[in-house]
Structure formats: structure tokens, C-alpha cells
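Chain by chain, the residues run as shown.
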Amino acid sequence: MEVEKYIASGILELYVAGALSPEQNLEVQHYAIEYPEIKKEIEAIEAAMLKLTKAASPKMPENAFSKIKAELDDVIPFMPASSEKKTPWGSYLGWAAAVLFAAGTLWMYLQNTSLKSEIEITNQEIESLEEIISNTRDEVADKENLLQELRDRNVTVVALGGQTVSPNSYAKAYWNREEQKVIIDAQGLPDPPPGFTYQVWSLELEPLTPTSLGLLDDLASDDTKLYTLENPNASEAFGITLEPEGGSETPTLEQLYTLGAVGA
């Protein structure tokens with residue numbers, strides 16, 4: 001688009017004056033957003049209109065009309081109704097025209113300002129929507145990657161059943177030996193009480209040797225209930241216990257919620 005030729009066409013003056021069709025107004029608004037030179041020119045035209053309005057309708061002191069009347073009485077003597085002498089209405093019409101012009105210009109200015117505000121709000125809404133779409137795409141991509149990890153051929157799935165303290169609890173461990181990590185699906189665990197969290201343990205059975213893999217923090221607020229933990233151990237079983245916040249060095253067996261053996 002040739003911006004200078006568009007500015008010189010006079011369409012911006014018509015836009016500020018409110019003389020364009022709705023379709024033409026939208027076109028000008030679109031170009032004003034896309035080309036800073038056009039936006040700047042519109043603002044310059046508006047400023048010139050306001051300056052012209054002020055010049056055409058100067059403020060008058062409170063006693064201005066009484067002074068004018070006195071001066072008119074000195075120049076134009078009172079004439080009977082039957083006289084053919086006419087009152088100089090042209091002066092009053094000039095002032096009325098100036099006032100009307102000022103009011104019309106002010107109305108157009110306010111309308112244009114309101115339209116700019118609406119455009120700005122619309123732009124903010126578009127940016128917010130784009131951010132939401134971007135975040136949603138990222139979430140979908142993360143879930144697809146996680147799904148691929150769960151379906152990896154090297155993954156061993158270990159079912160963890162409920163224990164004495166919570167028979168209805170359950171969980172699953174997706175262990176990838178090659179990548180030395182395990183994904184814990186904690187959907188079947190109840191929300192921990194305040195001040196406590198779940199801790200995941202890798203277990204070697206002969207002799208019983210527990211190794212902490214990490215905590216399942218913020219379980220209540222986590223929608224997926226999926227946790228990825230590092231596991232370089234030669235695990236023979238996995239267990240989940242309820243521990244004080246921050247975890248424990250050794251598992252509290254009285255609070256063993258789920259347990260499952262590899263290959264069971």
C-alpha cells in the first residue's frame with residue numbers, strides 16, 4: 001500500500017469529520033492500526049480540528065452580551081415596530097453557527113476517541129485469546145509427549161495395590177529402564193491430609209532396601225495426577241507411603257498406601 005498517496009487522498013479528513021460509510025470507517029481504522037504514519041496523520045487532523053474549533057468559538061465573559069447590547073444601542077437607535085430598519089441578525093447567526101460547528105466537532109472527536117478505545121479493547125482481547133490458544137497448544141503437546149512415553153515399548157507397567165491403611169487406594173508405575181525414569185499415575189490415591197505428602201520408593205526385596213524416588217507434592221491440585229521421577233535403581237518393587245511434608249529418609253511402613261512388585 002502507498003501510504004503517502006492514501007494520506008493525500010483526503011479520506012482521513014472525511015474520516016475525522018464523520019463523513020464516511022461504516023465500511024470506509026473500518027478500512028481507515030484497519031490501516032491506522034497497521035501503519036503508524038496514518039494513525040499519526042489522523043491525530044494531527046483531530047488536533048487541527050480542535051484548534052480550529054477553539055478559534056471559531058472563543059470563550060466570552062459573563063457580561064459579554066450586555067456589553068454588546070449596550071454598544072448596539074449606541075449605534076442603532078431604537079426604532080418603532082412600524083419602521084423598516086432591521087435588527088442585524090447576521091451577527092447572532094454567525095455566533096450560533098460557530099457554536100454549532102464547535103459542538104459538532106466536539107461530538108465527532110468524542111465519537112472517534114470512543115472508537116479508538118473500543119479498538120484498543122478489541123486488540124487486548126485478541127492478544128489474550130492468542131495467549132490462551134498458545135497455552136492450550138503447549139498443554140496438548142505436553143500430553144501427547146507424555147502419552148508417547150507411556151506407550152514406549154521399553155516401559156514396564158507395575159500395578160500398585162492398596163494396603164492395610166487404605167485398601168481402596170491404587171496407583172500405577174510406568175518404568176522405563178533405558179531412560180532411568182518412572183512415571184507414577186496417582187489417580188487412585190486420596191488427597192493427603194494437611195501437613196502430609198506422598199513419597200515414592202524403589203524397593204529391593206532381598207534384603208529389603210528402600211530408596212526414595214521423590215514426592216507427589218500438590219496432589220490435590222494436580223489435574224493429571226502424573227509425576228515423572230528419576231529411577232536409576234534396579235527396582236524389584238515400588239511403594240508409596242504417606243509422609244510429613246518434605247518427606248522422610250526411610251518409609252513409614254504403617255502408612256504404606258500402595259505396593260506392587262515388578263513383573264507381578
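Described in the following lines is the structure provided in the data block.

Turning to the overall build of the protein, a few remarks are in order. Along its length, the protein carries 6 helices and 8 strands. Ordered by position in the sequence, the α and β elements of the protein form the string α-α-α-α-α-α-β-β-β-β-β-β-β-β. The contacts of the protein with a sequence gap of at least 6 include a subset with a gap of at least 24, amounting to 61%. By element, 56% of the accessible surface of the protein is carried by carbon and sulfur atoms, the whole surface being about 17800 Å².

Right, let's talk about the pairing of strand β1 (residues 155-163) for a bit. Moving residue by residue along a regular strand, the side chains alternate between the two faces of the sheet. Pairing geometry for β1 and strand β2 (residues 166-176), over 8 bridges, is antiparallel. The residue bridging V157 from the neighbouring strand is Y174, located in β2. Connecting β1 to the antiparallel partner β2 that follows it, the hairpin turn spans 2 residues. With 2 bridges connecting them, β1 and strand β8 (residues 256-261) associate as antiparallel partners. Bridging across to β8, G162 finds its partner in T258.

As a further point, take the pattern of salt bridges. In total, this model carries 2 salt bridges according to the counting rule given. The partner of E2 in a salt bridge is K5, with the nearest N and O atoms 3.2 Å apart. For the pair E2 and K5, a shared accessibility class is recorded, and that class is exposed. One salt bridge connects E179 with K181, and the closest N-O pair in it is separated by 3.2 Å.

Our focus in this paragraph is unusual backbone geometry. Residue E206 is joined to P207 through a cis peptide bond whose omega torsion reads -5 degrees. Within the element layout of this structure, P207 appears in the loop between β4 (196-204) and β5 (209-216). Despite not being glycine, Q180 has its phi angle at roughly 55 degrees, a positive value. Within the secondary structure layout, Q180 lies in the loop between β2 and β3 (181-185). Assessed through its relative accessible area of 39%, Q180 is described here as partly exposed.

One can find P244 in strand β7 (residues 237-244). Sequence-wise, P244 and G195 are 49 residues apart; in three dimensions their C-alpha atoms are separated by 6.1 Å.

The strand order β5-β4-β7-β8-β1-β2-β3-β6 describes an open sheet built from 8 strands, whose pairing is antiparallel. The open sheet has two free edges, formed respectively by β5 and β6 (226-230), since each of these has just one partner strand. The sheet shows a mean angle of 25 degrees between the axes of neighbouring strands, direction not considered.

Moving on to the packing of aromatic side chains. For the structure on display, the rule yields 4 aromatic pairs. Their ring planes at 55 degrees and their centres at 6.1 Å tell us that Y31 and Y35 sit as a pair that is tilted. Aromatic pair Y198 and Y257: ring centres 5.3 Å apart, planes at 75 degrees, arrangement edge-to-face. A residue pair is termed long-range when its members are at least 10 positions apart, and Y198 in strand β4 and Y257 in strand β8 qualify at 59 residues. By relative accessible area, Y198 is classed as buried at 1%. Site record: aromatic cluster; members linked through ring pairs are Y6, Y31 and Y35.

Analysis parameters
- Residues numbered from 1 in each chain as written.
- Predicted model: local features only at pLDDT ≥ 70, side-chain atom pairs only at ≥ 80, totals over all residues.
- Heavy atoms only, no water.
- Helix = DSSP H or I, 4+ residues; strand = E, 2+ residues; numbered from the N terminus.
- Contact = heavy atoms within 4.5 Å.
- Areas by Shrake-Rupley, 256 points an atom, 1.4 Å probe, with all protein chains shown as cover.
- Pairing = 2+ DSSP bridges.
- Salt bridge = Lys/Arg side-chain N within 4 Å of Asp/Glu carboxyl O.
- Buried < 20%, exposed > 50% of the residue type's maximum accessible area, 1.4 Å probe, protein only.
- Axes fitted to C-alpha atoms, helices over the stretch in contact; angles between N-to-C directions.
- Phe/Tyr/Trp six-rings, centres within 6.5 Å; stacked < 30°, edge-to-face > 60°.

Without other data, these values stay purely geometric and don't point to any function.
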